[in-house]
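# Fold and contact review
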Amino acid sequence: MAHPGDGDLPRYTDIGERLTEEFREVHGADTVERCVSAARYGAEEVTGSAPPDLVERIARRHLEVLATVAAEKRRKARRSSLDNAP
């Protein structure tokens, strides 16, 4: 989903590249890009600006939560396949 001001995203390219590398085992580049865009938009909505360090912290946190959810789903799927589901 595009947000107003998405044309300014090249400013955040380094953030996306760092996070793509950091989460390469868990998330695709498209997911990272969406998180960076959403973090930028959210920061602008809440604070009126989107400094790159804030955008990176928010996007990293989003990606960590998504990774935790994915790991939990995998864990539950393994338990279900063993007939150990509660």
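In this text, all values refer to a predicted model and were calculated from it rather than measured experimentally. (Residues numbered from 1 in each chain as written. Predicted model: local features only at pLDDT ≥ 70, side-chain atom pairs only at ≥ 80, totals over all residues. Heavy atoms only, no water.)

### Some details on the packing of helix α1 (residues 13-22) against helix α2 (residues 29-47)
Viewed as axis vectors pointing N to C, α1 and α2 meet at an angle of 135°, and their least axial separation amounts to 9 Å. The orientation of α1 with respect to α2, classified from their angle, is oblique. Along this stretch, α1 crosses α2, giving a crossing that reads as right-handed. Contacts from I15, G16, L19 and T20 of α1 reach α2 at A29, V32 and V36. Partitioning the contact of α1 with α2 into residue classes produces 5 nonpolar, 2 polar and no charged. (Axes fitted to C-alpha atoms, helices over the stretch in contact; angles between N-to-C directions. Helix = DSSP H or I, 4+ residues; strand = E, 2+ residues; numbered from the N terminus. Parallel < 35°, antiparallel > 145°, perpendicular 65-115°, else oblique. Left-handed = near helix turned anticlockwise from the far one by under 90°. Contact = heavy atoms within 4.5 Å. Nonpolar A, V, L, I, M, F, W, Y, C, P; charged D, E, K, R; others polar.)

### Describing the pattern of salt bridges
Within the structure shown, the criterion is met by 10 salt bridges. With its nearest N and O atoms 2.6 Å apart, the salt bridge here joins R24 to E21. One salt bridge connects D30 with R34, and the closest N-O pair in it is separated by 3.5 Å. Of this pair, D30 and R34 are both found in helix α2, 4 residues apart, which corresponds to roughly one turn of the helix. A relative accessible area of 47% places D30 in the partly exposed class. One connected set of salt bridges, linked through shared partners, spans R18, E22, E56 and R60. (Salt bridge = Lys/Arg side-chain N within 4 Å of Asp/Glu carboxyl O. Buried < 20%, exposed > 50% of the residue type's maximum accessible area, 1.4 Å probe, protein only.)

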